[in-house]
Amino acid sequence: MNYEVTRKCTDCGLEIKASLTKREAAFHLFDTKELFGSICPKCAGKEFSGSGSLPLLDKELILEWAQNENLYFSQDEELMLGDGGYFELIIEGLNNSLTLLDKKYVLLDALCIIIFDETLDRGDGWKPDISLKQRAIEELNKRKDLLIQAGDRIIGYVQKVVYPQLDINWHSEK
Ligand SMILES: [Zn+2]
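Residues numbered from 1 in each chain as written. Predicted model: local features only at pLDDT ≥ 70, side-chain atom pairs only at ≥ 80, totals over all residues.

Contact pair helix 5 (residues 87-95) / helix 6 (residues 101-117): the axes reach a minimum separation of 9 Å and the direction vectors enclose 145 degrees. Considering the relative orientation of helix 5 and helix 6, their crossing is left-handed. Note on element contacts: helix 6 touches helix 5 through Lys103, Lys104, Leu107, Ala110, Leu111 and Ile114, opposite Phe87, Ile90, Gly93 and Leu94. Along the lines of polarity and charge, the residues of the contact of helix 5 with helix 6 split into seven nonpolar, one polar and two charged. (Axes fitted to C-alpha atoms, helices over the stretch in contact; angles between N-to-C directions. Helix = DSSP H or I, 4+ residues; strand = E, 2+ residues; numbered from the N terminus. Left-handed = near helix turned anticlockwise from the far one by under 90°. Contact = placed C-beta atoms within 7 Å. Nonpolar A, V, L, I, M, F, W, Y, C, P; charged D, E, K, R; others polar.)

Structure follows, in structure tokens:
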């Protein structure tokens, strides 16, 4: 399957599309200037807005990401992983001995975000997924040492909500 990136000229509105592979789309491995040129072919404008489709992450992408320090999904990849229904893949990444330490911290952060999301009442008849939350808590408790080592790599406001629910000694006023 192919993915697309679109660049729109903010002066004349001309849109140009290019197709990307799954890897290029997932890891932003493309340069819009190389793909589209640095000026609009219609009006020679230089201001653009862009949009693209992000592939769903799969095992292949997460494995490659976990072992390569130069690959990123996004600036908020822990949120993306935590919100995306990737629980099993997060655990696989954590269990894989080839996963880089830095990436393990991101995966732990994603587990914390799952717990965070299932903790705060969103109103409107929303019901938490208690079993998912419980599994995430168990997986974090198994990895307490690594979690403590991660320190501030785990988002602060997430720590405040999640850590009191874990089997660790943690105080918000350090
Ligand atoms: Zn233009």
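That was the structure; now back to the text.
Further remarks concern helix 5. Within helix 5, burial applies to Leu89, Ile90, Gly93 and Leu94. End-on view of helix 5: buried residues confined to an arc of 140 degrees, all on one side of the axis. Exposed residues lying more than 90 degrees from the buried face of helix 5 are Glu88 and Asn95. Buried residues along helix 5 sit against helix 3 (59-66), helix 4 (77-83) and helix 6. (Buried ≥ 20, exposed ≤ 12 C-beta atoms within 10 Å, placed from the backbone. Arc of directions from axis to C-beta.)

The next point concerns the domain arrangement of the protein. Under the domain assignment, the protein is made up of domain 1 (3-52) and domain 2 (59-165). Once you take the C-alpha centre of each, domain 1 and domain 2 turn out to be 32 Å apart. (Domains from an automatic or database assignment.)

On to the packing of helix 6 against helix 7 (residues 130-142). As a packed pair, helix 6 and helix 7 sit with axes 9 Å apart at the nearest point and diverge in direction by 145 degrees. Crossing handedness for the pair helix 6 and helix 7: left-handed. On the side of helix 6, the interface is formed by Leu108, Leu111, Ile114 and Ile115, while helix 7 contributes Leu132, Lys133, Ala136, Ile137, Glu139 and Leu140. Of the residues that constitute the contact of helix 6 with helix 7, the class distribution is eight nonpolar, no polar and two charged.

With 27 residues, the main nonpolar core has Ile90, Leu107, Leu108, Ala110, Leu111, Cys112 and Ile115 as its most contacted residues. Those elements giving two or more residues to this core turn out to be helix 1 (22-27), helix 3, helix 5, helix 6, helix 7 and helix 8 (144-150). In terms of residue count, the dominant contributor to this core is helix 6 (10 residues). Other than its neighbours up to four places away in sequence, Leu108 contacts Leu140, Arg143, Leu146, Leu147, Ala150 and Ile154. (Core = buried A, V, L, I, M, F, W, Y, C linked by C-beta atoms within 7 Å.)

Let's shift gears to the environment of Glu138. Mapped onto the elements, Glu138 comes out in helix 7. By the C-beta count within 10 Å, which is 11 here, Glu138 ends up exposed. Counting along the chain gives 31 residues from Glu138 to Asn169, while the straight-line C-alpha distance between them is 16 Å.

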